[in-house]
Amino acid sequence: MSINDTDVVPFISITMTTTLLIKNARVLVTMDDQRREINDGAVFIRDNVIEQVGNSGDLPQSADEVIDATDHVVIPGLVNTHHHMYQSLTRVIPAAQNGELFNWLTNLYPIWANLTPEMVQVSTLTAMAELLLSGCTTSSDHLYIYPNGCKLDDSIEAASQIGMRFHAARGAMSVGQSKGGLPPDCVVEDENAILNDTQRLIETYHDHRRHAMQRIVVAPCSPFSVSRDLMRESAVLARHHGVSLHTHLAENANDIAYSREKFNMAPAEYAEDSGWVGPDVWHAHCVQLDDNGIYMFARTGTGVAHCPCSNMRLASGIAPIRKMIDAGVSVGLGVDGSASNDGAHMLGETRQAMLLQRVGFGPDAMTARQALEIATLGGAKVLNRDDIGALKPGMSADLVIFNLNQVSYAGALHDPVAALVFCTPSNVAYSVVNGRVVVRQGQLTTVDLGNVLERHNKLAHNLAEAAR
């Protein structure tokens, strides 16, 4: 099947083929140990695993499905390490268009208190569609608010429907305003109930095996919305079951002030005191992480989810990512919630990561290829996975294909790989997740996106009106 075929019926589920061959790529970016970029590259997939990678002439010439990637770049699927997918329902809410983090949250909590299970499911489909079309094949999602019967199961069902590799983070808030926390009391939960539900989710859904499509993450929301006891008990629970931990940390100056006032510690010190450091832990943002925190994270293998667009949107600052990487900290990219980013384009986030480091730390602070590595291998390491982020034999069959014959890449074909990051971000031509084609010729194959968006916009309207 040629990539230029036009007789494709959209919006139907494509059954996984036994073998899949992508060949004739202008460049195939492997992100393997040698960081090879193969001209006229090809990848051969059997079921859900990459079997061969190399020059098109050296690989099998036939398969159950063949995609001709002439004039295209093939890269590993991008990895999104931090998101709040329900927030796609509250993009550009007037009351939250301006203001820093705490003010922004205070204006949005009363709106989010009216979320329903259908809203969580439909917003997850919408957010994942946006991610898949932008080059992302694996995503974490941090759902920390559960009003009106909402459950993390609603997100998990949506991920299974659309076909995205998913790390579902069971967030939680337990300290409301009456106890000195930021969220209103109406959106916090009992801590025993939180721990019990988290254990239920792990026992029901977590798949520890290599190539797993579904994993559960233990993820109390933030130091300003949960107790120290919950942080510690969550770490114990996660390590008992062998799952990862995730939370927000050191996002802005007010976050630092809260930590020092309530705990008499810097955020990184609080994380260490609570058992929240190690290779099974990653923290979102870390914009204001100090040098001691950076070296502690490097020493302990603790990861960071860098969210450049959100950090700019809320004026939280410029995270010292170059310093973190040089110190040995594992860093991945995250789009963050669509109410603090208003977009969830992973290739666009990759570009922004490169540009923001240059604004903060000089024109050589980050190259295009370094940014792309953070978005692939970096994200895989942060999620504690060794089976995604690179195209080489034995890896999960997750890859995306970008068409170079677009106006945004005109004049940039002397370096097509750098062009993906430097030029205006584009959507994928094809996306393969776990060996399954989920985007074909720029169209999702697993859901009717038009119907999803129609329902999503109605629900977004209802949610905004309910808070009036």
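That block above? That's the structure.
Each residue is numbered by its place in its chain's sequence as written, counting from 1. Reporting of local features is limited, given that this is a predicted model, to residues whose pLDDT is at least 70; pairs of side-chain atoms are given and counted only at 80 or more, and all residues count toward the totals for whole chains, interfaces and linings. No hydrogens and no water enter the side-chain calculation; it runs on all heavy atoms of the structure.

Novice: Would you take a moment to explain helix α8 (residues 291–300) for this structure?
Specialist: With a 1.4 Å probe rolled over the protein chains alone, any residue whose accessible area is under 20% of its type maximum counts as buried; one over 50% counts as exposed, and the rest are partly exposed. Each helix corresponds to a stretch of at least 4 residues labelled H or I by DSSP, and each strand to a stretch of at least 2 residues labelled E; elements are numbered beginning at the N terminus. Of the residues making up α8, those classed as buried are Gly293, Ile294, Met296 and Phe297. Looking down the long axis of α8, one finds its buried residues gathered within 165° of arc, a one-sided arrangement. Across α8 from its buried face, at more than 90 degrees, point the exposed residues Asn292 and Arg299. Contacts from the buried residues of α8 go to β10 (245–249), α7 (267–273), β11 (281–285), β12 (303–306) and α10 (321–327). Gly301 sits one or two positions beyond α8 and adopts a positive phi of about 80°. Directions drawn from the helix axis to the C-beta atoms are what define this arc. Residue contacts are defined here by distance: any two heavy atoms, one from each residue, within 4.5 Å place the two residues in contact.

Novice: Teacher, can you tell me more about helix α6 (residues 253–263) here?
Specialist: For an α-helix the count is 3.6 residues per turn, leaving residues at separations of three or four pointing the same way. All of the buried residues in α6 are Asp255, Ile256, Tyr258, Ser259 and Phe263. The arc that holds every buried residue of α6, seen down its axis, measures 160°, which confines them to one face. Exposed residues on α6 whose side chains face more than 90 degrees from its buried face are Ala253 and Glu261. The inward-facing, buried residues of α6 abut α1 (101–112), α5 (228–241), β10 and α7. If you check the start of α6, you find a side-chain oxygen 3.1 Å away from the backbone N of Asn254, and it comes from Asn252. Positive backbone phi, at 55°, marks Asn264, one or two positions downstream of α6. Counting of polar contacts relies on pairs of N or O atoms within 3.5 Å, with two restrictions inside protein: one atom must be capable of donating a hydrogen and the other of accepting it, and residues adjacent in sequence are counted only when both atoms are side-chain atoms.

Novice: What should I look at first to understand empty space enclosed by the protein in this one?
Specialist: Regions of empty space are outlined by a rolling probe, equal in size to a water molecule, passed over the atoms. Cavities and pockets were defined on a 1 Å grid built over protein atoms only: a cavity is a set of grid points that admits a 1.4 Å probe from which the probe cannot escape, a pocket is an open set flanked by protein on both sides within 12 Å along at least five of seven lines, and lining residues are those with an atom within 4 Å of any such point. Grid points are joined across faces, edges and corners, and a volume is the space filled by probe spheres set on the points. Taken as a whole and judged by the stated rule, the model has two cavities of 30 Å³ or more. By volume, the largest cavity amounts to about 130 Å³. Every residue lining the largest cavity is counted, 17 residues in all, and those nearest its centre are Leu101, Trp104, Leu105, His248 and Glu251. For the lining of the largest cavity, the element with the highest residue contribution is α1, accounting for four residues. Think of it as three bins: nonpolar holds Ala, Val, Leu, Ile, Met, Phe, Trp, Tyr, Cys and Pro, charged holds Asp, Glu, Lys and Arg, and polar takes everything else, Gly as well. Taken together, the residues of the lining of the largest cavity sort by class into eight nonpolar, seven polar and two charged.

Function cannot be read off these values alone, since they describe shape.
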